[in-house]
Amino acid sequence: GRGHHQSAASTGATEADSEASDRLDAGSGSTNHPVDPPVLLEHAGDERQEGDADSIHSSIFTNPTASPTALPTQVPATYLPGDLSVFKEGIKLSTGLDVRIIARSRQFVNLTDGTQSSLRFHNRPDAGATFPIPKDYPELYNKYPGGWVYVSNAESTYDGGVGSIFFDANYNVVDYQKILKGTEWNCGGGKTPWGTWVSNEEPMGYNRTGFIYEVDPFGRHGPEPRRTVLGEDGGAFESFAYDARDRSNPHFFYTEDHRRGPIRRFTPTNPDWDNPTEMLHSEGTIEYLVLLNWDWTGRNGTFYWTDDRDLGEENALLNFPYTEGIDCTPDGRIFFANKGRALLFELDLDSNSWSRSSVQGGAFDGKPDTVARILGDPGDIVYMTEDGGDDAGVHGRDKDNNYYVILESPLYHEETTGLAFSPDGRRMYVAYQKNGILLEVWREDGLPFSGRIVDIKYHSLNNDRGGGII
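Cut-offs applied
- Residue numbers restart at each chain and count upward from 1, following the sequence in its written direction.
- Local features in this predicted model are restricted to residues of pLDDT 70 or higher, and side-chain atom pairs are both shown and tallied only at a pLDDT of 80 or more, whereas totals for entire chains, interfaces and linings draw on every residue.
- With hydrogens and water excluded, all non-hydrogen atoms of the structure serve as input to the side-chain values.
- What counts as a helix is a DSSP run of H or I of at least four residues, what counts as a strand is a run of E of at least two, and both are numbered from the N terminus.
- When checking whether two residues touch, look at their non-hydrogen atoms; a contact exists if any pair is within 4.5 Å.
- Ring pairs are drawn from Phe, Tyr and Trp, using the six-membered ring of Trp, whenever the two centres fall within 6.5 Å, and their geometry is named by plane angle: stacked under 30 degrees, edge-to-face over 60, tilted for the rest.
- The classification of residues rests on relative accessible area computed with a 1.4 Å probe and restricted to protein chains. Under 20% of the type maximum is buried, over 50% is exposed, and intermediate values are partly exposed.
- Distance thresholds for patches are 9 Å for like charges and 5 Å for nonpolar side chains (Val, Leu, Ile, Met, Phe, Trp, Tyr), applied to residues having over 30% relative accessible area and no salt bridge.
- Note on areas: Shrake-Rupley, 1.4 Å probe, and residue coverage restricted to the protein chains presented here.
- Whenever a carboxyl oxygen of Asp or Glu lies within 4 Å of a side-chain nitrogen of Lys or Arg, that contact is scored as a salt bridge.
- Asp and Glu are treated as the negative residues and Lys and Arg as the positive ones, with His and the ends of the chain left uncounted.
- Note on charges: their place is set at NZ of Lys, CZ of Arg, CG of Asp or CD of Glu.
- Paired strands are those between which DSSP finds at least two bridges.
- All axes are obtained by fitting lines to C-alpha atoms, using only the stretch in contact for helices, and the reported angles, taken between N-to-C directions, cover 0 to 180 degrees.
- To qualify as a nonpolar core, a set must consist of buried Ala, Val, Leu, Ile, Met, Phe, Trp, Tyr and Cys residues joined through side-chain atoms within 4.5 Å.
- Note that the arc is defined by the directions from the helix axis to the C-beta atoms.
- Polar contact is defined as a pair of N or O atoms within 3.5 Å, subject to the rule that within protein one atom must be able to donate a hydrogen and the other to accept it, and that residues adjacent in sequence are counted only when both atoms are side-chain atoms.
- pLDDT expresses how confident the predictor is about each individual residue, on a scale running from 0 to 100.

(A) A look at the overall build of the protein chain. For the protein chain, the count of helices and strands is three helices and 30 strands. Across the protein chain, the fraction of contacts at a sequence separation of at least 24, relative to all contacts at a separation of at least 6, is 59%.

Right, here's the structure in full:
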């Protein structure tokens, strides 16, 4: 359950002003506690980039790429997930972690050369991801070889869109740009297999007037909106995922945060991998998920896809109203989170079967086999942000069903968003949305975070975890 290595909830804390403190230096203030056995750096992965032909199935489940300045192959680990012994910048951190604030909403971003960005960091940072600077963008790659960007949605009406923070290979912030403008309430999103970012609009009040946009993470095509065909006539869209194991028949999935919001599947009619950035803008088929009950418990069943939108919406209303985060593993399993009933669904795309579990005890509670399928090495952790509130932070679960609080705050509340690793796995990025701060977290032992991020973000209706109806 959630009790293992979880700190006691903070009481009596007041919400901190996101403008209250200066930008943090990178100093260390925690105590190291060696653990056995040591972590091997080889687990950090290889140097394939998003969109490479041999990594077309890659998603946020993929191993991070190798560091441009690799450490020795074996280093004693000092990171103790769940042991919240460090307090810095208003954040309780697990032993062996350090943190700095790299951006604040409505403030200019401090750059490594002593200057500041030309634009202020956007309001209400939401979903985020990292992208390595590609070699086919020589103007930027030659300037910052081994660098990357962190893209961040802006869930705001007057300052919506997507921002991008640029890093060099030494983790220095070198620029901030707005790579999508003219949109609003950009909430969730996801990566494409060819290395672009999909940003979804979710208007306030569950109004179904939002659309879905594809964005170049590096701003090569300017910040003007490029609407995809996925949004049909509008919706309250949330997250995006894909299954591209079969390049001749790729599928793209996305959720809608509405009581009748179906899980949609888009299949392009003629997928052109030589020109993939047109794939979400061309002709294709949109279908809707229909769950069928299998046994008397209602916790397992089969599913199929239909082109009948009314049927898809009725099935969503019955089984998974108000769906938010979604992700797809390289072996063809979809996970999506439903806040209407505080449930986590798993779809097996190959067998057309599904199962569901409660998130009352944290996601994947009592599902060690599921976690084992997601993870690689025994010491790996599934990292995630869950429902906000007084204990909003970053959480994790391992193969033995141990649940960890990686970090949380007695000062910042409501919602953590934008969880992502740097391409080399040695930096974790996460935002406290309402407070408008973006954090960079790293291990003091220099090792990468060993595990995977799963985008199953959800909220609870009426500021609780929902009814937990199973």
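(B) Focus on the packing of aromatic side chains. Summed over the entire model, instances satisfying the criterion amount to 21 aromatic pairs. Their ring planes at 45 degrees and their centres at 6.0 Å tell us that Phe 345 and Trp 354 sit as a pair that is tilted. Side by side, Phe 345 and Trp 354 carry an identical accessibility label, which is buried. An aromatic cluster is defined as three or more aromatic residues linked by ring pairs; in this entry it consists of Trp 148, Tyr 150, Phe 167, Tyr 171 and Tyr 429.

(C) Up close: a negative patch on the surface. A surface patch of negative charge is lined by Asp 307, Asp 308, Asp 310 and Glu 314. Mapped onto the fold, Asp 308 is located in the loop between strand S19 (300-306) and helix H2 (309-319).

(D) View of the sheet that holds strand S28 (residues 428-432). Spatially, the four strands line up as an open sheet ordered S5-S29-S28-S27, and their pairing is antiparallel. Each end of this open sheet is capped by a strand with a single partner; those strands are strand S5 (97-104) and strand S27 (416-421). Each adjacent strand pair in this sheet contributes to an overall mean axis angle of 20 degrees, direction not counted. Sheet topology note: the S5/strand S29 (residues 437-443) ladder contains seven bridges and is antiparallel. The residue bridging Ala 103 from the neighbouring strand is Leu 438, located in S29.

(E) Layout of the nonpolar core. Core analysis: the largest hydrophobic core is formed by 25 residues, its most contacted members being Tyr 383, Met 428, Leu 439 and Val 441. Core analysis: the second largest hydrophobic core is formed by 19 residues, Ile 133, Tyr 137, Val 162 and Val 174 among them.

(F) Molecular detail of H2. Every buried residue belonging to H2 is among Gly 312, Glu 313, Asn 315, Ala 316 and Asn 319, and all of these are buried. Along H2, the residues classed as buried sweep out an arc of 160 degrees about the axis, all on the same side. Backbone nitrogen of Asp 310 and a side-chain oxygen of the N-cap are separated by 3.1 Å at the start of H2; the cap is Asp 308.

(G) Here's a closer look at unusual backbone geometry. The phi angle at Arg 106 is positive, at roughly 65 degrees, despite the residue not being glycine. Mapped onto the secondary structure, Arg 106 falls in the loop between S5 and strand S6 (108-110). At Glu 232, a residue that is not glycine, the phi angle is positive and equals roughly 50 degrees. Mapped onto the elements of the fold, Glu 232 is located in the loop between strand S14 (212-215) and strand S15 (237-243).

(H) Highlighting the confidence of the model for the protein chain. Of the residues in the protein chain, 80% have a pLDDT of 70 or more, and the chain-wide mean is 83. Confidence over residues 1-72 falls short of pLDDT 50; this stretch has 187 contacts with residues more than four positions distant or in other chains. Every residue in residues 461-470 scores below 50 in pLDDT, and together they form 27 contacts with partners more than four places removed in sequence or on other chains.

(I) Broad picture of the pattern of salt bridges. Taken as a whole, this structure holds 27 salt bridges when the rule is applied. Across the pair Arg 208 and Glu 313 runs a salt bridge whose closest N-O atoms are separated by 2.9 Å. Remark: Glu 313 occurs in helix H2 and Arg 208 occurs in the loop between strand S13 (197-201) and S14; sequence separation between them is 105 residues. Residue Glu 313 is classed as buried on the basis of its relative accessible area, which comes to 7%. Residue Glu 313 is joined to Arg 309 by a salt bridge in which the shortest nitrogen-to-oxygen separation is 3.1 Å. Of this pair, Glu 313 and Arg 309 both sit in helix H2, four residues apart, which is roughly one turn of the helix.

(J) Representation of the pairing of strand S23 (residues 353-358) within the structure. The buried fraction of S23 amounts to five of the six residues, a majority that puts the element mostly inside the structure. Inspection of the sheet shows S19 paired to S23 by three bridges, in the antiparallel sense. Bridged to Thr 302 within S23 is Ser 353. Two elements, strand S22 (residues 343-348) and S23, share six bridges in a ladder whose sense is antiparallel. Looking at the pairing, Leu 347 lines up with Trp 354 of S23. The hairpin formed by S22 and S23 contains four residues between the paired strands, and Asn 352 there has a positive phi angle of roughly 55 degrees.

(K) Broad picture of the environment of Gly 160. Residue placement: Gly 160 occurs in the loop between strand S9 (148-154) and strand S10 (161-167). Sequence separation between Gly 160 and Lys 178 is 18 residues; the distance between their C-alpha atoms is 9.7 Å. Apart from residues lying up to four places away in sequence, Gly 160 is in contact with Ala 154, Lys 178, Leu 180, Thr 183, Glu 184 and Asn 186.

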